[in-house]
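Coordinates in review
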There are 2 protein chains.
Amino acid sequence: MKFKYYDDGALRCQLSGRSFAVTYHIRGTEKEALEIAKNMCVEQTVEFPAEHIGCPAIHDGILGRVACVEDKGNGFQRVDIVYAEETAGDDLPQLLNVVFGNSSLLPGIVLKRISLSDQMREKFPGPRYGVEGLRERLHVYNRPFTFTALKPMGLPPEALAEEAYQCALGGIDLIKDDHGLMDQAFSRYRERVEQAAEAVRRANTETGGHTAYIPNISGSFRETDDRLSLAADCGCGGVLVSPGLVGFDMISYAAEKTKLPVVAHPAFLGGSLDRGKGGIDCACLLGQLPRLAGADILVFPNFGGRFSLTEEQCAGIRDRAAEAPGHAAAPCPAGGMRMEKIRQMVEFYGNDTALLMGGSLFTAPGSLAENCRKFREKLEEMMI
Amino acid sequence: MKFKYYDDGALRCQLSGRSFAVTYHIRGTEKEALEIAKNMCVEQTVEFPAEHIGCPAIHDGILGRVACVEDKGNGFQRVDIVYAEETAGDDLPQLLNVVFGNSSLLPGIVLKRISLSDQMREKFPGPRYGVEGLRERLHVYNRPFTFTALKPMGLPPEALAEEAYQCALGGIDLIKDDHGLMDQAFSRYRERVEQAAEAVRRANTETGGHTAYIPNISGSFRETDDRLSLAADCGCGGVLVSPGLVGFDMISYAAEKTKLPVVAHPAFLGGSLDRGKGGIDCACLLGQLPRLAGADILVFPNFGGRFSLTEEQCAGIRDRAAEAPGHAAAPCPAGGMRMEKIRQMVEFYGNDTALLMGGSLFTAPGSLAENCRKFREKLEEMMI
């Protein structure tokens, strides 16, 4: 023992004894997976040879513990590891670090699920609004939300604002910046947000509608506070965050700073998707994590579109968006959504969904406002 | 055409004509890969059916362009795509979004390399100090840096400060918080940083040394500015950032705010590692990206340790850390480093390396200070 601290048995704080559990799938036999899991219990906490930890309070209180191993029959074992609440501090980056920090670098380990204690849920309450809150804000009851994106990259702010105006006239519920629009020379954030928010306000006044405009704030941290303030000051209806680019905690930060709904976008997250060799399970990565961070709407690539997710993976995201406790988030399938697919989508995802239709609203015959109106009417008809 | 903007040919800004290139490996035949690459040119920029973009300035100026396709002979094709500089705005999240935002969600695509123009390099100059600057700050010439971490999680600040003191007495060059230490009830950031920084200052005064203490700032954005200020005010020698948890831009932000060296840690990034099914190539993920963001020291799991990287992958990180232009970053192999492996590591990684030794300095016979001294002497002997 090098220090009295190592064996005096005294953690400074009394541990609560409360814990949270994390479910992993680990490749190998039961014996191999158990061995890996035991190493993870060390790796994710003390990163110190367990036999050299002379302090019983640390050895017994801080190290993770394997709670169960179950053969999944596909070459993987389900393993639950339980960690002391205190290891995760009070915020999401610290929690995610304990959950999958170093273990993410090991092959054949899939992060499947985080199961928090009730007390931890107070720190991570999830969406501020959720589906119910969005329904009140948008005055949309009994049907999925209609959602579109301003595009293409390259248009000046006044053109994007004109698009927003047309979409709002057509009664769309939600309009976001395309996730590629942030702060570029051809469309600066400030100008775009001021003009698009004003255009939507004008349309809402004309129609009596409640369309929300949702700018993308996923840029440099140097500007984040100013951008969030501007979004709130301009009366935007939410903000768009890509946690792959700016961290999952930005969802929580943006929600708190703006008091607005947050839409999570999966850009740059895809590398972490488990594709059979380890990583983060789809439902966890695109469903649980952004919702845990506080996202009210979870954008993800729909099955059957130009991306590769399966129906099963999309069902996983849908189910994670709504599972108890906490406010349900709205799953938001996107990527190649077309008018003909709406019925199938609503049957699959249910009513508490945001349907994001981009390109096809712009390219179908008819004006943008007309196409937005048709999109909405199509949903209203289905609800009769 | 829905708007005059779509076909008036006028982007608001004159595009510079300058571009940056991104190298991907795409699974499939040449023909298949070319088809995927053409879709990526759209997906990563306008996200809008190319044939509906009536504005030639956008069609010709904003869409990506395939520059070359080359069969790699392993079922993958190398494809370079060239993007207009302006698409990437002025910051790292926007750049990464164009580089691999939506494409990360497609299977069988590996991000290999970003090649910036000279003009873009001015926006992304890389490490502020790099190896040369670190040598001046630490007064270490002609040998690799010795580096250790305060651990285990669970110890109170005074115990961690005592460890820091002993390590500094032993003449270690760099001491970081273990990446699991951030702001927990048993060791609050403020107390730990104040006490560890003071302990290292005291040891430096006694020995005439220049040991640097590097706290971990990878927690909630709510506290980031305060934490960075405290690190600078306490005379810390750098800050530790885990970009997987808080975004790559945090490296750049922390460097600018503190004017201190930044150490990048790979926690939570591992899911994105390409393991043969798509994702981000190891040398890019753990070498190029953190260096591009401005990290002076790049921590990564060493081959032959308890992680899974191969010798070839580690060589890739090493080479990316030093390639021209810009300041070379110090590659920092870690994870199961032992005294017996030092010679092999130096031969493999070279002199401009930081060798991170954790557990084995603590568990070897002898005091922590003695073991740090041996670590350093071992390197000095090699240099004769």
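First, a word on what this report is: a plain description of the structure on this page.

Parameters and conventions
- Residues numbered from 1 in each chain as written.
- Chains lettered and ligands numbered in written order.
- Predicted model: local features only at pLDDT ≥ 70, side-chain atom pairs only at ≥ 80, totals over all residues.
- Heavy atoms only, no water.
- Helix = DSSP H or I, 4+ residues; strand = E, 2+ residues; numbered from the N terminus.
- Expected span 1.5 Å × (residues − 1).
- Buried < 20%, exposed > 50% of the residue type's maximum accessible area, 1.4 Å probe, protein only.
- Polar contact = N/O pair within 3.5 Å; in protein donor to acceptor, adjacent residues only side chain to side chain.
- Axes fitted to C-alpha atoms, helices over the stretch in contact; angles between N-to-C directions.
- Parallel < 35°, antiparallel > 145°, perpendicular 65-115°, else oblique.
- Left-handed = near helix turned anticlockwise from the far one by under 90°.
- Contact = heavy atoms within 4.5 Å.
- Nonpolar A, V, L, I, M, F, W, Y, C, P; charged D, E, K, R; others polar.
- Pairing = 2+ DSSP bridges.
- Right-handed = clockwise from strand over helix to strand, strands pointing away.
- 1 Å grid on protein atoms, 1.4 Å probe; cavity = no way out; pocket = protein on both sides within 12 Å on 5 of 7 lines; lining within 4 Å.
- Points joined across faces, edges and corners; volume = space filled by probe spheres on them.
- Least-squares fit on C-alpha atoms with pLDDT ≥ 70 in both.
- Buried area = accessible area lost by both parts, 1.4 Å probe.
- Salt bridge = Lys/Arg side-chain N within 4 Å of Asp/Glu carboxyl O.
- Phe/Tyr/Trp six-rings, centres within 6.5 Å; stacked < 30°, edge-to-face > 60°.
- Patch = residues over 30% accessible without salt bridge, like charges linked within 9 Å, V, L, I, M, F, W, Y side chains within 5 Å.
- Areas by Shrake-Rupley, 256 points an atom, 1.4 Å probe, with all protein chains shown as cover.
- Lys, Arg positive; Asp, Glu negative; His and termini not counted.
- Charge placed at Lys NZ, Arg CZ, Asp CG, Glu CD.

Quick look at helix H7 (residues 157–169) of chain A
Residues and elements named next belong to chain A.
- Given a rise of 1.5 Å per residue, 13 residues ought to cover 18 Å, and the 18 Å separating the end C-alpha atoms of H7 matches this to within 8%.
- The element H7 is extensively covered by neighbouring structure, given that 10 of its 13 residues are classed as buried.
- Of the residues making up H7, those classed as buried are Pro 157, Ala 159, Leu 160, Ala 161, Glu 163, Ala 164, Tyr 165, Gln 166, Cys 167 and Ala 168.
- Two residues or fewer past H7, Gly 171 is found with a positive phi of approximately 80°.

With respect to helix H4 (residues 92–100) of chain B
Residue and element names in this part refer to chain B.
- Burial analysis of H4 places 9 of its 9 residues in the buried class, which makes it a mostly covered element.
- Taken as a whole, H4 has its buried residues at Leu 92, Pro 93, Gln 94, Leu 95, Leu 96, Asn 97, Val 98, Val 99 and Phe 100.
- By the N-cap criterion, in which a side-chain oxygen at the helix start approaches the backbone nitrogen of a residue two or three places on, H4 is capped by Asp 91, the distance to Gln 94 being 3.1 Å.

Focus on the packing of helix H14 (residues 342–349) of chain B against helix H16 (residues 368–383) of chain B
Residue and element names in this part refer to chain B.
- Two numbers describe how H14 lies on H16: the axes approach to 10 Å, and their chain directions differ by 55°. By the criterion of interaxial angle, the relationship of H14 to H16 is oblique. The two elements H14 and H16 cross, and the hand of that crossing is right-handed. Touching Ile 342, Arg 343 and Val 346 of H14 are Phe 375, Lys 378, Leu 379, Met 382 and Met 383, all from H16.
- The residue makeup of the contact of H14 with H16, split by class, is 6 nonpolar, no polar and 2 charged.

A word on the sheet that holds strand S8 (residues 239–241) of chain B
Residue and element names in this part refer to chain B.
- Taken in spatial order, the 4 strands line up as S8-S9-S11-S12 in an open sheet, and their pairing is parallel. Of all the strands in the sheet, the pair left with one neighbour each is S8 and strand S12 (330–334). Taken over all neighbouring pairs, the strand axes of this sheet differ in orientation by 25° on average, direction set aside.
- Two strands pair when backbone bridges link them, and S8 and strand S9 (residues 262–264) are joined in this way by 3 bridges, in the parallel orientation. Paired with Val 239 across the bridge in S9 is Val 262.

Looking at the pairing of strand S11 (residues 297–301) of chain A
Residues and elements named next belong to chain A.
- The element S11 is largely enclosed, with a buried count of 5 among its 5 residues.
- Residue alternation in S11 divides its side chains into two sets, Ile 297, Val 299 and Pro 301 and Leu 298 and Phe 300, and both sets are buried.
- As judged from the 2 bridges shared by strand S9 (residues 262–264) and S11, these two strands associate in the parallel manner. Opposite Ala 264, over in S11, you have Leu 298 as the bridge partner.
- As defined by bridge partners, S11 adjoins strand S12 (residues 330–334) across 5 bridges and the pair is classed as parallel. Within the sheet, the bridge partner assigned to Phe 300 lies in S12 and is Pro 333.
- With helix H13 (residues 311–322) bridging S11 and the parallel S12, this β-α-β connection has right-handed handedness.

Structural notes on empty space enclosed by the protein
Residue and element names in this part refer to chain A.
- Using the criterion set out here, one finds 8 cavities of 30 Å³ or more in the structure.
- When residues of the lining of the largest cavity are assigned to their parent elements, the largest contribution, 3 residues, is made by helix H10 (residues 243–246).
- Residues that form the lining of the largest cavity fall into these classes: 13 nonpolar, 6 polar and no charged.
- Considered as a void within the structure, the second largest cavity measures approximately 80 Å³ in volume.

Regarding the relation of the copies chain B and chain A
- Rotating chain B by 180° and moving it 0.0 Å along the rotation axis overlays it on chain A with an RMSD of 0.0 Å. The superposition operator between the copies reduces to a two-fold rotation axis. In terms of proximity to the rotation axis, the leading residue of chain B is Ser 272 of chain B, whose C-alpha is 2.0 Å off the axis.
- The share of interface residues of chain B whose copies in chain A are also at the interface is 100%, consistent with both copies meeting through the same surface.

What about the interface of chain B and chain A?
- Taken together, the contacts link 98 residues of chain B with 98 residues of chain A.
- The junction of chain B with chain A conceals about 8,700 Å² of combined surface from both sides, 62% of it contributed by carbon and sulfur atoms.
- For the pair chain B and chain A, the interface holds 6 salt bridges.
- With its nearest N and O atoms 3.3 Å apart, the salt bridge here joins Asp 90 of chain A to Arg 188 of chain B.
- Linking chain B with chain A are 39 residue pairs in polar contact (both at pLDDT 80 or more).
- In terms of residue count, helix H7 (residues 157–169) of chain B provides more of the side of chain B that touches chain A than any other element does, 6 residues in total.
- Of the residues that constitute the side of chain B that touches chain A, the class distribution is 45 nonpolar, 31 polar and 22 charged.

Thoughts on the packing of aromatic side chains
- Tallied over the entire structure, the rule returns 19 aromatic pairs over all chains.
- Between Phe 100 of chain A and Phe 268 of chain B, the aromatic rings sit 6.3 Å apart at their centres with planes inclined by 85°, giving edge-to-face as the arrangement. With Phe 100 of chain A in helix H4 (residues 92–100) and Phe 268 of chain B in the loop between S9 and strand S10 (279–280), this residue pair bridges two chains.
- Of the residues examined, Phe 100 of chain A reaches a relative accessible area of 0% and is grouped as buried.
- Given a relative accessible area of 7%, Phe 268 of chain B falls into the buried group.
- When the centroid spacing of 6.2 Å and the interplanar angle of 80° are considered together, the rings of Tyr 253 of chain A and Phe 221 of chain B count as edge-to-face. Taken together, the residues Tyr 253 of chain A in helix H11 (residues 249–258) and Phe 221 of chain B in helix H9 (residues 221–233) connect one chain to another.

Considerations on the pattern of salt bridges
- Tallied over the full model, the rule gives 42 salt bridges over all chains.
- The residue Arg 143 of chain A makes a salt bridge to Glu 380 of chain A at a minimum N-O spacing of 3.8 Å. Here Arg 143 of chain A is found in the loop between helix H6 (130–138) and strand S5 (145–150), whereas its partner Glu 380 of chain A is found in helix H16 (residues 368–383), with 237 residues between them in sequence.
- A residue is classified by how much of its surface remains accessible, and Arg 143 of chain A, at 5% relative accessible area, is buried.
- Take Glu 380 of chain A: its relative accessible area is 33%, and that puts it in the partly exposed class.
- Here the salt bridges share partners, and the residues they tie into one network are Asp 90 and Lys 123 of chain A together with Asp 183, Arg 188 and Arg 227 of chain B.

Focus on a positive patch on the surface
- On the surface, Arg 27 and Lys 277 of chain A together with Arg 27 and Lys 277 of chain B cluster together into a patch of positive charge.
- Its place among the elements puts Lys 277 of chain A in the loop between S9 and strand S10 (279–280).

Comments concerning the side chain of Thr 258 of chain B
All names here are of chain B.
- Looking at where Thr 258 falls in the secondary structure, it is placed in helix H11 (residues 249–258).
- Side-chain polar atoms of Thr 258 contact the backbone oxygen of Ala 254, separated by 2.7 Å.
- In this structure the side chain of Thr 258 is engaged in a polar contact, spanning 3.1 Å, whose partner is the backbone nitrogen of Leu 260.
- Setting aside anything within four residues of it in sequence, one finds Thr 258 in contact with Leu 228, Ala 232 and Val 239.

Structural notes on the sheet that holds strand S7 (residues 212–214) of chain A
All names here are of chain A.
- Spatial strand order, S7-S6-S5-S13: 4 strands in an open sheet with parallel pairing. Each of the sheet's edge strands pairs with one partner strand only, and the pair in question is S7 and strand S13 (354–356). Taken pair by pair, the neighbouring strands of this sheet meet at an average axis angle of 25°, ignoring direction.
- Sitting on the sheet, H7 touches S5 and strand S6 (174–177), and the angle it makes with S5 is about 165°.

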